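Here is what each chain is made of, one letter per residue.
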Amino acid sequence: KVYPNQEVASVDVARRIAAIIKEKQGRGETAVLGLATGATPIKVYRELVRLHREEGLSFKNVVSFNLDEYYPMKPDADQSYVTFMNKHLFDHVDIPRENINIPDGTLPEDAVHAFCEAYEQKISALGGIDIQLLGIGRTGHIGFNEPGSAPNSGTRLVILDDLTRRDASRDFGGKENVPTKAITMGVGTIFKAKEIILMAWNEKKAEIVKKAVEGEISSDIPATYLQLSDHVEFVLDEDAASHL
Ligand code: GLP
């Protein structure tokens, strides 16, 4: 779906999330959101905050699972995805703190595997993710599923691609400060979501969007796996869609 700009696209995505939250509220159920970080979803979160403040949208029945976190990473670090999510969404809405799930970047390495298994089980126990937001990295990663990731991969510790670390270097004041690893939901984890929305804006994403949508399905570009799913939507602005 191609929108004239990211503002209108983001408002539309936020309204769809709000509709799911309200529908579930009406049935006394929990809405399970799969959330993403990066510049791409910021305006979606801004609109959700506006809907909370001005239209009374409540997040009391929301449980959230973030896609990924750098490893190692302290939650209170400026660059952590915990800090990002608090700043852009959680500090401004009424989601119960205990309902927020973000991969734990503070675990000792030998505890990561068990943590990842528990993360998957927690999602399943809630009946799965109702709507999963995704951005796309220039390597074609979704979450931090870098080239080489398997289509059935689960939540796990991964090594970040050099290009991904270069793209993150501004946030960290130099590539050498960007962690070399991350914990990410797997491609298989993402695929289990009932609805998946991949968003991309700006010309700099046009090339990777073209490859993801029209390219041969390959582990070289994990976003191409999305072609295999019938419940994925690409939400683009005109610039990101310009090479299609
Ligand atoms: C990071 C995140 C991804 C995100 C990507 C794109 O690598 N782990 O989930 O999609 O960056 O970021 P941006 O939205 O800033 O372009």
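These numbers come from a predicted model, not from an experiment. (Residues numbered from 1 in each chain as written. Predicted model: local features only at pLDDT ≥ 70, side-chain atom pairs only at ≥ 80, totals over all residues.)

**Things to note about the site of the ligand**
- Close contacts around the ligand come from 13 residues, with Gly 38, Ala 39, Thr 40, Gly 135 and Gly 137 the closest.
- For the shell around the ligand, the class distribution of residues is five nonpolar, seven polar and one charged. (Near = placed C-beta within 6 Å. Nonpolar A, V, L, I, M, F, W, Y, C, P; charged D, E, K, R; others polar.)

**Some words on the sheet that holds strand 9 (residues 196-200)**
- With parallel pairing, the seven strands of this open sheet are ordered in space as 1-10-9-6-2-3-5. Single-partner strands in this sheet number two, and they are strand 1 (2-3) and strand 5 (100-101).
- As judged from the five bridges shared by strand 2 (residues 31-35) and strand 3 (residues 62-66), these two strands associate in the parallel manner. Along strand 3, the bridge assignment pairs Val 32 with Val 63. (Pairing = 2+ DSSP bridges. Helix = DSSP H or I, 4+ residues; strand = E, 2+ residues; numbered from the N terminus.)

**Quick word on the UniProt feature "domain: Glucosamine/galactosamine-6-phosphate isomerase" (unreviewed entry) in the protein chain**
- Cross-referencing UniProt, the feature "domain: Glucosamine/galactosamine-6-phosphate isomerase" (unreviewed entry) maps to residues 6-227 in the present numbering.
- Along residues 6-227 the backbone is 38% helical and 15% strand, and the end-to-end C-alpha distance reaches 23 Å. (UniProt positions renumbered as here; feature names shortened; annotations may be inferred.)

**Structural notes on the sheet that holds strand 4 (residues 68-71)**
- One open sheet holds the three strands; their spatial order is 4-8-7, and the pairing between them is antiparallel. Two strands lie at the open edges of the sheet, namely strand 4 and strand 7 (156-159), each paired on one side alone. Put simply, the sheet's adjacent strands are angled 30° from each other on average, direction ignored.
- In this structure, strand 4 lies alongside strand 8 (residues 181-184), joined through four bridges in antiparallel fashion. Across the sheet, Glu 69 pairs through a bridge with Ile 183, a residue of strand 8. (Axes fitted to C-alpha atoms, helices over the stretch in contact; angles between N-to-C directions.)

**Looking at the confidence of the model for the protein chain**
- Of the residues in the protein chain, 100% reach a pLDDT of 70 or more, and the chain-wide mean stands at 98.
- Taken together, the chains of this predicted complex give a pTM of 0.98 and an interface ipTM of 0.94. (pLDDT = per-residue confidence, 0-100.)

**A look at unusual backbone geometry**
- Omega for the peptide link from Tyr 71 to Pro 72 comes to -5°, which places this bond in the cis form.
- With respect to the helices and strands, the residue Pro 72 is situated in the loop between strand 4 and helix 3 (81-88).
- Positive phi is not limited to glycine here, since Asn 202 has a value of about 80°.

**Details of helix 7 (residues 206-214)**
- Considered for burial, the residues of helix 7 that qualify are Ile 208, Val 209 and Ala 212. Along the long axis of helix 7, the arc covered by the buried residues comes to 105°, so they all point the same way.
- On its buried face, helix 7 sits against strand 9 and strand 10 (232-237). (Buried ≥ 20, exposed ≤ 12 C-beta atoms within 10 Å, placed from the backbone. Arc of directions from axis to C-beta. Contact = placed C-beta atoms within 7 Å.)

**So, the pairing of strand 8**
- Of the pairings in the sheet, the one linking strand 7 to strand 8 comprises four bridges and is antiparallel in character. Bridge pairing links Arg 156 to Thr 184 in strand 8.

**Focus: the nonpolar core**
- Counting residues in each nonpolar core, the largest one holds 67 residues, and the members touching the most others are Ile 136, Ile 197 and Leu 198.
- Contacts of Leu 198, omitting those with residues within four sequence positions, involve Leu 134, Ile 136, Leu 226, Val 232, Phe 234 and Val 235. (Core = buried A, V, L, I, M, F, W, Y, C linked by C-beta atoms within 7 Å.)

**Observations concerning the pairing of strand 3**
- Within strand 3, four of the five residues are buried, leaving the element largely enclosed by the surrounding structure.
- Note that the unit made of strand 2, helix 2 (residues 42-55) and strand 3 has a crossover that is right-handed.
- Where strand 3 and strand 5 come together, two bridges link them in parallel fashion. Bridged to Ser 64 within strand 5 is Ile 100. (Right-handed = clockwise from strand over helix to strand, strands pointing away.)

**Examining the environment of Ala 240**
- With respect to the secondary-structure elements, Ala 240 resides in the segment after strand 10.
- A count of 28 C-beta atoms within 10 Å places Ala 240 in the buried class.
- Considering only alpha carbons, one finds Ala 240 and Asn 5, 235 residues apart in sequence, at a separation of 9.7 Å.
- The residues contacting Ala 240, other than those within four sequence positions of it, are Ala 200, Trp 201, Asn 202, Lys 205, Ala 206 and Val 209.

**Side note on the packing of helix 1 (residues 6-26) against helix 2**
- Where helix 1 contacts helix 2, the two axes come as close as 8 Å, and the packing angle between them is 55°. Judged by the angle between their axes, helix 1 and helix 2 are oblique. Crossing angle aside, the handedness with which helix 1 passes helix 2 is right-handed. Between helix 1, through Gln 6, Glu 7, Ser 10, Val 11, Val 13, Ala 14, Ile 17 and Ala 18, and helix 2, the contact on the second element is made entirely by Lys 43, Val 44, Glu 47, Leu 48 and Leu 51.
- For the contact of helix 1 with helix 2, a count of residues per class yields eight nonpolar, two polar and three charged. (Parallel < 35°, antiparallel > 145°, perpendicular 65-115°, else oblique. Left-handed = near helix turned anticlockwise from the far one by under 90°.)

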